[in-house]
Amino acid sequence: VRGLKPEDVTLYDVNLNLLAPLGAELGISFSELFARGQERKPKVFLSHAWSHSLLQTYEALVQHAKDRGYGNDEPIWICAF
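Basis of the calculations
Residues numbered from 1 in each chain as written. Predicted model: local features only at pLDDT ≥ 70, side-chain atom pairs only at ≥ 80, totals over all residues. Heavy atoms only, no water. Helix = DSSP H or I, 4+ residues; strand = E, 2+ residues; numbered from the N terminus. Buried < 20%, exposed > 50% of the residue type's maximum accessible area, 1.4 Å probe, protein only. Contact = heavy atoms within 4.5 Å. Areas by Shrake-Rupley, 256 points an atom, 1.4 Å probe, with all protein chains shown as cover. Lys, Arg positive; Asp, Glu negative; His and termini not counted. Charge placed at Lys NZ, Arg CZ, Asp CG, Glu CD. Expected span 1.5 Å × (residues − 1). Arc of directions from axis to C-beta.

Now for the overall build of the protein chain. In terms of regular secondary structure, the protein chain is built from three helices and two strands. Moving toward the C terminus, one meets the helices and strands of the protein chain in the order α-α-β-α-β. The buried share among the 81 residues of the protein chain stands at 20%. When contacts within the protein chain are restricted to residue pairs at least 6 apart in sequence, those whose partners lie at least 24 apart make up 77%. Accessible surface computed for the protein chain: about 6200 Å², of which carbon and sulfur atoms make up 54%. Here the protein chain carries 8 positive and 10 negative side-chain charges, and the mean point of each set is 5 Å from the other.

The next thing to look at is helix 3 (residues 54–68). The terminal C-alpha atoms of helix 3, which comprises 15 residues, lie 21 Å apart, in line with the 21 Å expected from a rise of 1.5 Å per residue. Buried residues of helix 3: T57, H64 and A65, and no others. Down the axis of helix 3, the buried set is contained in an arc of 95°. They therefore lie on one face. The exposed set on the far side of helix 3, more than 90 degrees from its buried face, consists of E59, K66 and D67. Contact partners of the buried residues in helix 3: helix 1 (11–26), strand 1 (45–46) and strand 2 (77–78). Backbone geometry just after helix 3 places G69 at a positive phi near 75°.

Right under this line is the structure:
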């Protein structure tokens with residue numbers, strides 16, 4: 001996001017500047033973009049604070065996946081993407 005340091009970018013910023021415009025332009029959700037037509041059923045739903053930095057959220061997701069032995073291709077439902 002222009003004008004912000006990476007550690008200051010929140011999920012509000014990501015939604016406003018990336019997810020919402022992309023979804024509006026393509027007519028699909030962010031997850032549909034990466035599913036490539038395959039149905040992917042997540043085993044877990046994770047919530048978070050949108051006011052946290054994107055980097056904090058990413059680090060927490062990586063740790064959560066590591067702690068639970070998820071593979072790199074494990075779908076996780078998070079209320080942002």
